[in-house]
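# Tertiary structure, described
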Amino acid sequence: MQARGNAQLAQVAQIRKFCLLTKELDHDDGEVTATMKVRRASIYQAYAPEIEAMYR
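Thresholds applied
Residues numbered from 1 in each chain as written. Predicted model: local features only at pLDDT ≥ 70, side-chain atom pairs only at ≥ 80, totals over all residues. Heavy atoms only, no water. Helix = DSSP H or I, 4+ residues; strand = E, 2+ residues; numbered from the N terminus. Rg over C-alpha atoms; globule rule 2.2 N^0.38 Å. Buried < 20%, exposed > 50% of the residue type's maximum accessible area, 1.4 Å probe, protein only. Polar contact = N/O pair within 3.5 Å; in protein donor to acceptor, adjacent residues only side chain to side chain. Contact = heavy atoms within 4.5 Å. Patch = residues over 30% accessible without salt bridge, like charges linked within 9 Å, V, L, I, M, F, W, Y side chains within 5 Å. Areas by Shrake-Rupley, 256 points an atom, 1.4 Å probe, with all protein chains shown as cover. Salt bridge = Lys/Arg side-chain N within 4 Å of Asp/Glu carboxyl O.

## Overview of the overall build of the chain
Scanning the chain for helices and strands turns up three helices and zero strands. Reading the helices (α) and strands (β) of the chain from amino to carboxyl end gives α-α-α. The C-alpha radius of gyration of the chain comes to 14 Å, more than 25% above the 10 Å expected for a compact globule of 56 residues. Each of the three principal axes of the chain carries a C-alpha extent, and together these read 35 × 25 × 20 Å. When the 56 residues of the chain are sorted by exposure, 16% land in the buried category.

## What to know about the side chain of E31
With respect to the helices and strands, the residue E31 is situated in the loop between α1 (2-6) and α2 (40-46). In terms of polar contacts, E31 uses its side chain to reach the side chain of Y47, at 3.3 Å. Beyond its immediate sequence surroundings of up to four residues, E31 is in contact with K23, E24, L25, D26, K37, V38, R39, S42, I43 and Y47.

## Looking at the side chain of N6
The topology assignment puts N6 in helix α1. A relative accessible area of 11% means that N6 is categorised as buried.

## Observations concerning a nonpolar patch on the surface
Together, L9, I15, F18 and L20 make up an exposed nonpolar region whose accessible area comes to about 440 Å². If you trace the backbone, L20 turns up in the loop between α1 and α2. Classification of L20 as exposed rests on a relative accessible area of 71%.

## A word on unusual backbone geometry
Although it is not a glycine, M36 adopts a positive phi angle of roughly 65°. As for its placement among the helices and strands, M36 is situated in the loop between α1 and α2.

## What about the environment of M54?
Relative to the assigned elements, M54 resides in helix α3 (residues 48-54). Here the alpha-carbon distance between M54 and E24, two residues 30 residues apart in the chain, equals 19 Å. With residues near it in sequence (within four places) discarded, M54 still touches K17, F18 and C19.

Put into structure tokens, the structure is as follows:
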């Protein structure tokens, strides 16, 4: 599935690694706004180890 998606993207935008989170992002936890927009700073703080592991 990753190869199919990458075929439509420029090389610099292609997905190399991904990680599934252990739970769905939740408004009550401050991870998304009421309109379901991701709060990036909050996500980075909560999932910093997982994000850093993808860049190793």
